[in-house]
Structures are given as C-alpha cells and as structure tokens.
Amino acid sequence: MAELRALVAVKRVIDFAVKIRVKPDKTGVVTDGVKHSMNPFCEIAVEEAVRLKEKKLVKEVIAVSCGPVQCQETIRTALAMGADRGIHVEVPAAEADRVGPLQVARVLAKLAEREKVDLVLLGKQAIDDDCNQTGQMTAGLLDWPQGTFASQVTLEGAKLKVEREIDGGLETLRLKLPAVVTTDLRLNEPRYATLPNIMKAKKKKIEVIKASDLGVDLSSKLTVVSVEDPPQRTAGVKVETTEDLVAKLKEVGRI
Amino acid sequence: MANSLRGEVLNLYKNLLHLGRDYPKGAEYFKRHLKNVFLKNKDVKDPEKIKELIERGEFVMKALEALYFLRKYRAMKQRYYSDVNKTN
C-alpha cells in the first residue's frame, strides 16, 4: 500500500552531556577525544520516519549524513533504529568546518531528487551550531512545502498534516507531498539503539559518495572569526536597605 | 539447558556493557559495578534462579533506557524552551 520514501538527515554532534571547552586559539571548540553522538532532534526525526514505516505508510527510510568518516557511526545508529540504508556524503575533516546549513541543504536537495523521496525529515536544529536553517533551506531549494517545529505528523493520503509548535500555541498545516518536515522535542520519544539492533544493522548498506558526485558545490561565503566563552557572570552585590539599593543602582548608572 | 542460559547471560552482560557507555557517572564506573554484580552471582546453578536474574538484568536495561531518555529530554527542554522555566 505504501509507496512513500523518506530521507532522514542526521548530524553527528558533541554529546549533549559533555562540558564544552573553547580552544585556546579561539578557532572553535575542542572536539578531539570528545564524546560525539547523534543530534537529539535528529534522533526524533529518525524515530518518526521509522514509526511511519512501522505503520506501513512509508516503504523505505534512507539515512544520510554529511561529514568526515566518523559520520558513519551516526548513520549506523540510524540504521539500528530502523532505517533501511544509509548514504554518507564524505567531506574531508579539514573542510568539514565550512560545511554549514546551506551546503548540507544543497546536498539534501540533490539527494531528495536522486532518490525520488516524498518526505525529507530533519531535526529542527543542531545542538552545536543552533542554526535552525537546514530544513528550511532544503525546502526552498527543492521548492517543496515545509512543516517546521513539527510536534505531530499525520499522513492523509497524498497530503501531510503537520502540527507545529509556535509561540503561543500550535499551528496546523496541511502540506502537499513531497514535503520537508523538521522535528521538535514533543514529536516522539526516540528508541535507544541497543546492541542487538546495532548488530542486525551491520548488514544494511551505507553508500559513500562525495558532494561532487552530486554536482554540489560545498563552498561557503562564511568564515568563523572567533569562538569565545560567554562573559563570566559577575558576582551579585548584597545591600542592607532600600536606600542602599537605590544608591547602588544610581552608582552603576541604572537609574 | 545450562548452555543456552550461558549464552543468554553473556548476551545480557554485553548488552548492559553497551548501555553503560552513556551512564552519567561514566562508563568505567558502570563497568566496575556490572562486573561485581555478575561475579557475585557466578555460582548460581539453579536454572530458575538464573532466569530470574536474567529478567532482573533486562529490567535494569529498560530502566537505563528510560533514564537516558528522561535525562536528554529534560536537558533539551531546559536549554530550548525557556518559557517553561519562567514559573521559578
């Protein structure tokens, strides 16, 4: 019954529980030897795709990731969660820093066309750069409708009903397929990729390609100027009386 | 009978070890405790007792999965949904 195919993009980021340290030369954060895992919002996207497959609404789930060779670990996690096969768009480690939302969106757009998918799912944002742009840009490049910050996704024939988390409440959209959806926290609870599932997933294929194979230009017009720690919060000052408080506020020029 | 149980016990150990990598207090801490618990029960011979212990181990696996999910969910909620925290 289901003929729909889904492409899920996943990103390998520094694990959410790790304490981030800025490199002394201010060019970025320390990543060597630091624990990495799949972006939490991407996990939600994979879970949604797999649930659609389990409901027999989607026939095939393809997991894709752009970056250096370690990305394959993240793709393997997606396969362990239930994706059918993976695509690794390999980017040498030296160039990986320049690959941002626009570059990834170009790749995803080309892949969506090549694989003839009906649905592109992504996390709403990555916890390392917090861009919240890739899904939107992908939809723009493909000229497909988008449902971002999705907290509920329902398939209605050839249309997708998406409930979105917006300021002050929920917005419900009906999108014509093919479409792009970015996932928000309340959409679902992702399953844990247990060891037996990881073992089973080893039989699934991961195709390794380069961005140039897709005819995608990974050049970026952005350069990172510096990465710094947020300013240290200065200690608070305690005062005895209201008069003291007013005097202190006047002192710092607040009133 | 005892042989298949041995396989089950070994699988349980491997699965728990895999889960332990994300343990908040560290993978080494988890491994030490996991080893101790399994060694403590190494002389259990009764198949019923062994099955019971395996079930307990599988329960611990589910508890860990729930812990990991809650931890991650709470962290994401705190970091990205600031309006929720404004009551304090």
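Sequence order sets the numbering: in each chain, residues are counted from 1 along the sequence as written. Labels follow written order: the first chain is A, the first ligand is 1, and so on. Local features in this predicted model are restricted to residues of pLDDT 70 or higher, and side-chain atom pairs are both shown and tallied only at a pLDDT of 80 or more, whereas totals for entire chains, interfaces and linings draw on every residue. Neither water nor hydrogens contribute to the side-chain values; these are computed over all heavy atoms in the structure.

Details of unusual backbone geometry
All names here are of chain A.
Right, so step 1: Here the residue pair L177 and P178 is connected by a cis peptide bond, since its omega of 0° sits within 30 degrees of zero.
Right, so step 2: Secondary structure is summarised from DSSP: a helix means a run of H or I of at least four residues, a strand means a run of E of at least two, and numbering begins at the N terminus for each. Inspection of the secondary structure puts P178 in the loop between β9 (169–176) and β10 (179–183).
Right, so step 3: Despite not being glycine, D130 has its phi angle at roughly 50°, a positive value.
Right, so step 4: When you line up the elements, D130 lands in the loop between β6 (119–123) and α5 (134–142).
Right, so step 5: Judged by its relative accessible area of 36%, D130 falls in the partly exposed class.
Right, so step 6: Its identity as a non-glycine residue notwithstanding, D143 has a phi of 60°, on the positive side.
Right, so step 7: Turning to its location among the elements, D143 is positioned in the loop between α5 and β7 (146–156). Think of it in three bands: residues with accessible area under 20% of the maximum for their type are buried, residues over 50% are exposed, and the middle band is partly exposed, with areas taken using a 1.4 Å probe on protein chains only.

Brief notes about the layout of surface pockets
Right, so step 1: Taken as a whole, the second largest pocket spans an internal volume of roughly 1100 Å³.
Right, so step 2: In terms of lining, the second largest pocket is formed by 41 residues, of which the most central are D15(A), S37(A), Y192(A), D22(B) and K72(B).
Right, so step 3: For the lining of the second largest pocket, the elements supplying multiple residues, two or more each, are β3 (36–38), α1 (40–54), α2 (71–81) and α6 (195–201) of chain A together with α2 (27–40) and α3 (47–80) of chain B.
Right, so step 4: No other element matches the seven residues that α3(B) contributes to the lining of the second largest pocket. Here the term cavity refers to a set of points on a 1 Å grid, laid over the protein atoms alone, in which a 1.4 Å probe fits but cannot get out; the term pocket refers to an open set having protein on both sides within 12 Å along at least five of seven lines, with lining residues being those that place an atom within 4 Å of a point. Grid points are joined across faces, edges and corners, and a volume is the space filled by probe spheres set on the points.

Describing the interface of chain B and chain A
Right, so step 1: Taken together, the contacts link 18 residues of chain B with 22 residues of chain A.
Right, so step 2: Two parts lose some accessible area (1.4 Å probe) when they are put together, and adding that loss for both gives the buried area. Carbon and sulfur atoms supply 63% of the area buried between chain B and chain A, which totals about 1800 Å² over both sides.
Right, so step 3: Per-residue buried area on chain B facing chain A is highest for K72(B), Y80(B) and Y81(B); these three make up 32% of the total on that side.
Right, so step 4: Whenever a carboxyl oxygen of Asp or Glu lies within 4 Å of a side-chain nitrogen of Lys or Arg, that contact is scored as a salt bridge. For the pair chain B and chain A, the interface holds two salt bridges.
Right, so step 5: The partner of K35(A) in a salt bridge is D22(B), with the nearest N and O atoms 2.4 Å apart.
Right, so step 6: Think of a polar contact as two N or O atoms within 3.5 Å of one another; within protein, one of them needs to be a possible hydrogen donor and the other a possible acceptor, and neighboring residues in sequence only count if both atoms come from side chains. Where chain B meets chain A, there are eight residue pairs in polar contact (both at pLDDT 80 or more). Two residues qualify as a contact provided that any one of their heavy atoms is within 4.5 Å of a heavy atom in the partner residue.

Let's talk about the nonpolar core
All names here are of chain A.
Right, so step 1: Throughout this description, the term nonpolar core refers to a set of buried Ala, Val, Leu, Ile, Met, Phe, Trp, Tyr and Cys residues connected via side-chain atoms within 4.5 Å. Core analysis: the largest hydrophobic core is formed by 44 residues, its most contacted members being V8, V46, L160 and V181.
Right, so step 2: For this core, the leading source of residues is α1, giving eight residues.
Right, so step 3: When sequence neighbours within four positions are dropped, the list of residues in contact with L160 reads L119, V153, T154, L155, L173, R174, L175, L177 and V181.
Right, so step 4: L7, V64, V99 and L122 belong to the second-largest nonpolar core, a separate cluster that totals 26 residues.

Some remarks on the sheet that holds β6(A)
Residue and element names in this part refer to chain A.
Right, so step 1: What makes two strands pair is DSSP finding at least two bridges between them. Taken in spatial order, the nine strands of this open sheet run β9-β8-β7-β10-β6-β1-β4-β5-β11, and their pairing is mixed. The open sheet has two edge strands with one neighbour each: β9 and β11 (206–210). Between one strand axis and the next, the sheet turns by 30° as a mean value, whatever way the strands run.
Right, so step 2: For β7 and β10, the ladder comprises three bridges, and the chain directions are parallel. A fitted line through C-alpha atoms serves as each axis, taken over the contacting stretch for helices, and the angle formed by two N-to-C directions is quoted from 0 to 180°.

Describing the UniProt feature "domain: Complex 1 LYR protein" (unreviewed entry) in chain B
Right, so step 1: UniProt positions are given in the numbering used here, feature names are shortened, and annotations may be inferred rather than shown by experiment. The UniProt entry lists residues 8–60 of chain B under the feature "domain: Complex 1 LYR protein" (unreviewed entry), expressed in the numbering used here.
Right, so step 2: As annotated, residues 8–60 of chain B comprises 77% helix and 0% strand, and the C-alpha atoms at either end are separated by 15 Å.

So, the UniProt feature "domain: Electron transfer flavoprotein alpha/beta-subunit N-terminal" (unreviewed entry) in chain A
Right, so step 1: UniProt records the feature "domain: Electron transfer flavoprotein alpha/beta-subunit N-terminal" (unreviewed entry) for residues 26–218 of chain A in the present numbering.
Right, so step 2: Regarding residues 26–218 of chain A, the helix share stands at 31% and the strand share at 32%, and the terminal C-alpha atoms are separated by 24 Å.

Examining the pattern of salt bridges
Residue and element names in this part refer to chain A.
Right, so step 1: Tallied over the full model, the rule gives 22 salt bridges over all chains.
Right, so step 2: E3 serves as the salt-bridge partner of K59, at 3.5 Å between the closest nitrogen and oxygen. Taken together, the residues span a long stretch of sequence, with K59 in strand β4 (residues 58–67) and E3 in the segment before β1 (4–9) at a distance of 56 residues.
Right, so step 3: What makes E3 exposed here is its relative accessible area of 55%.
Right, so step 4: Linked by salt bridges that have partners in common, R5, E60, R85, R114, E115 and E207 make up one network.

Description of the environment of L195(A)
Right, so step 1: With respect to the element layout, L195(A) can be found in helix α6.
Right, so step 2: Put simply, L195(A) and A80(A) are 115 residues apart on the chain and 8.6 Å apart in space, counted from C-alpha to C-alpha.
Right, so step 3: For L195(A), the residues in contact, after removing those within four places along its chain, are K14(B), N15(B) and H18(B).

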